[in-house]
Amino acid sequence: MILQDIGMSELLLIAVVVLLLFGGKKIPELMRGLGKGIREFNDAKNNVRQEIEEGMREKPVQAAAPATTDAPHTSTEDAPLPKA
C-alpha cells in the first residue's frame, strides 16, 4: 500500500503545502466536508448491505400458478403423428 511508504518527513511536507495553499481558516471546513462525505458513503454502504441481507432472509417467492382458461384442454401426447 502506498501509505506504508510515506514517512514522517513526507507527511510534514504535505501538511505545510496544504496549509500554504488553503490557509488556516479553510482547512477545518475542508475536513468537515470530507468527514460528511465519508459518513454519507458509509451510511449508503450500510444501507445496501442491510437490504441485501434482508433480501437473503426473506422466503423465496413461489411462482404463480399458470392462468387457466375455460377452453377444453387438448393434449398432443395421444394425437396421431402426421404422415410424411
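Residues numbered from 1 in each chain as written. Predicted model: local features only at pLDDT ≥ 70, side-chain atom pairs only at ≥ 80, totals over all residues. Heavy atoms only, no water.

Section: the overall build of the protein chain
Reasoning step 1: Looking only at helices and strands, the protein chain features one helix and zero strands.
Reasoning step 2: When the accessible area of the protein chain is evaluated, it comes to approximately 8,800 Å², of which 63% is carbon and sulfur surface. (Helix = DSSP H or I, 4+ residues; strand = E, 2+ residues; numbered from the N terminus. Areas by Shrake-Rupley, 256 points an atom, 1.4 Å probe, with all protein chains shown as cover.)

A word on a negative patch on the surface
Reasoning step 1: A cluster of acidic residues, Glu 51, Glu 53, Glu 54 and Glu 58, forms a negative patch at the surface.
Reasoning step 2: Topologically, Glu 51 is positioned in helix α1 (residues 8-57). (Patch = residues over 30% accessible without salt bridge, like charges linked within 9 Å, V, L, I, M, F, W, Y side chains within 5 Å. Salt bridge = Lys/Arg side-chain N within 4 Å of Asp/Glu carboxyl O. Lys, Arg positive; Asp, Glu negative; His and termini not counted. Charge placed at Lys NZ, Arg CZ, Asp CG, Glu CD.)

Observations regarding the pattern of salt bridges
Reasoning step 1: Applying the stated criterion across every chain yields a total of one salt bridge.
Reasoning step 2: In this structure, Glu 29 engages Lys 26 in a salt bridge whose closest nitrogen and oxygen atoms are separated by 4.0 Å. In this pair, Glu 29 and Lys 26 both sit in helix α1, three residues apart, roughly one turn of the helix.
Reasoning step 3: Classification of Lys 26 as partly exposed rests on a relative accessible area of 45%. (Buried < 20%, exposed > 50% of the residue type's maximum accessible area, 1.4 Å probe, protein only.)

A few points about the environment of Phe 22
Reasoning step 1: Residue position: Phe 22 is located in helix α1.
Reasoning step 2: According to the relative accessible area criterion, Phe 22 is partly exposed, its value standing at 43%.
Reasoning step 3: For Phe 22, the contacting residues outside a window of four places in its chain are Ile 27 and Leu 30. (Contact = heavy atoms within 4.5 Å.)

Regarding α1
Reasoning step 1: Helix length check: α1, at 50 residues, gives a terminal C-alpha distance of 48 Å against a target of 74 Å (1.5 Å per residue), a shortfall beyond 12%.
Reasoning step 2: The largest bend in α1 is about 100°, located at Gly 23. (Expected span 1.5 Å × (residues − 1). Bend = angle between axes of the 7 residues up to and from the residue.)

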